[in-house]
Amino acid sequence: MNNLKNSERLNENIKVITKQKLGIKEIATIFDVSEQTIRFYDSKGLLPFFEREDNNYRYTTVENLQWFKMVFLLRSAGMEIKNIREYINLCMEGDSTVPQRLKIIQNQKKDLISKIKGLQSELELLASKEKHYKKILEENILDEWNPVNFEEIIQKKLK
């Protein structure tokens, strides 16, 4: 009997928590983004689950936080705003749109892999430069990659 009462109380507490109103400031704090970012995303139609109070303040409830999480994760993965908007709209239409959502995710994954390969190439270039500069410091030699030194290098080679 006591467990049943505790369970009922827990369910009531969960209902209260999930219906708790959260304003832009609280959402910004939860997701460690600026309030301006949230307002911008809202203006672009990425946060259709915002409601307005009589004083026109935007708010949502705890149960909608997963939507915010999804938007922020897709954006941090580099997804364009128009694609996030399309993805959100498809989600709101229901499971019949899973194939379209899958395609959006696959395209973003492909783009992200391409960016990672580009970043890896840039990292390799930086590692090469680092090795080059360490050699210059260790051997006390002239930096042949620095255009300022080209004239001196050419003069040495012509001798």
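Residues numbered from 1 in each chain as written. Predicted model: local features only at pLDDT ≥ 70, side-chain atom pairs only at ≥ 80, totals over all residues. Heavy atoms only, no water.

### What about the overall build of the chain?
Step number 1: Summing up its helical and strand segments, the chain has seven helices and three strands in all.
Step number 2: Ordered by position from the N terminus, the helices and strands of the chain form the series α-β-α-α-β-β-α-α-α-α.
Step number 3: Relative to its full complement of 159 residues, the chain shows a buried share of 25%.
Step number 4: Across the chain, every contact between residues at least 6 apart in sequence was considered, and the portion connecting residues at least 24 apart equals 44%. (Helix = DSSP H or I, 4+ residues; strand = E, 2+ residues; numbered from the N terminus. Buried < 20%, exposed > 50% of the residue type's maximum accessible area, 1.4 Å probe, protein only. Contact = heavy atoms within 4.5 Å.)

### Things to note about the pattern of salt bridges
Step number 1: Taken as a whole, this structure holds seven salt bridges when the rule is applied.
Step number 2: Between Asp95 and Arg101 there is a salt bridge, and its shortest N-O distance comes to 3.8 Å.
Step number 3: Accessibility expressed as a relative area gives 65% for Asp95, which makes it exposed.
Step number 4: Looking at Arg101, the relative accessible area reads 13%, which means it is buried.
Step number 5: With a shortest N-O distance of 3.9 Å, Glu152 and Lys156 are connected by a salt bridge. Residue Glu152 and its partner Lys156 are located together in helix H7 (residues 150–158), separated by four residues, close to a single helical turn.
Step number 6: Residue Lys156 is classed as exposed on the basis of its relative accessible area, which comes to 54%. (Salt bridge = Lys/Arg side-chain N within 4 Å of Asp/Glu carboxyl O.)

### Some thoughts on a nonpolar patch on the surface
Step number 1: A grouping of Phe150, Ile154 and Leu158 is seen on the molecular surface, where their side chains present a nonpolar patch of about 320 Å² in accessible area.
Step number 2: Relative to the elements of secondary structure, Leu158 occurs in helix H7. (Patch = residues over 30% accessible without salt bridge, like charges linked within 9 Å, V, L, I, M, F, W, Y side chains within 5 Å. Areas by Shrake-Rupley, 256 points an atom, 1.4 Å probe, with all protein chains shown as cover.)

### Structural notes on the side chain of His132
Step number 1: You can see His132 is positioned in helix H6 (residues 98–139).
Step number 2: Other than its neighbours up to four places away in sequence, His132 contacts Asp143, Glu144 and Trp145.

### Notes on the packing of aromatic side chains
Step number 1: Scanning all chains against the criterion turns up eight aromatic pairs.
Step number 2: Ring centres of Phe49 and Phe68 lie 5.0 Å apart, and the angle between their planes is 75°; this geometry places the pair in the edge-to-face category. With Phe49 in the loop between helix H3 (35–43) and strand S2 (51–52) and Phe68 in helix H4 (residues 65–76), the pair connects residues that are 19 residues apart, well separated along the chain. The exposure classification of Phe49 matches that of Phe68, with both residues buried.
Step number 3: Relative to Phe72, the ring of Phe68 has its centre 6.4 Å away and its plane inclined at 40°; by these criteria the two rings are tilted. Of this pair, Phe68 and Phe72 both sit in helix H4, four residues apart, which is roughly one turn of that helix.
Step number 4: Directly above the ring of Tyr59 sits Lys21, whose terminal nitrogen or CZ lies 4.6 Å from the centroid. (Phe/Tyr/Trp six-rings, centres within 6.5 Å; stacked < 30°, edge-to-face > 60°. Lys NZ or Arg CZ within 6 Å of the ring centre and 35° of its normal.)

### Considerations on the nonpolar core
Step number 1: Counting 24 residues, the largest nonpolar core has Ile38, Leu47 and Phe68 as the members making the most contacts within it.
Step number 2: The residues touching Phe68, leaving out its near neighbours within four places in the chain, are Ile27, Phe31, Leu47, Phe49, Phe50 and Thr60. (Core = buried A, V, L, I, M, F, W, Y, C linked by side-chain atoms within 4.5 Å.)

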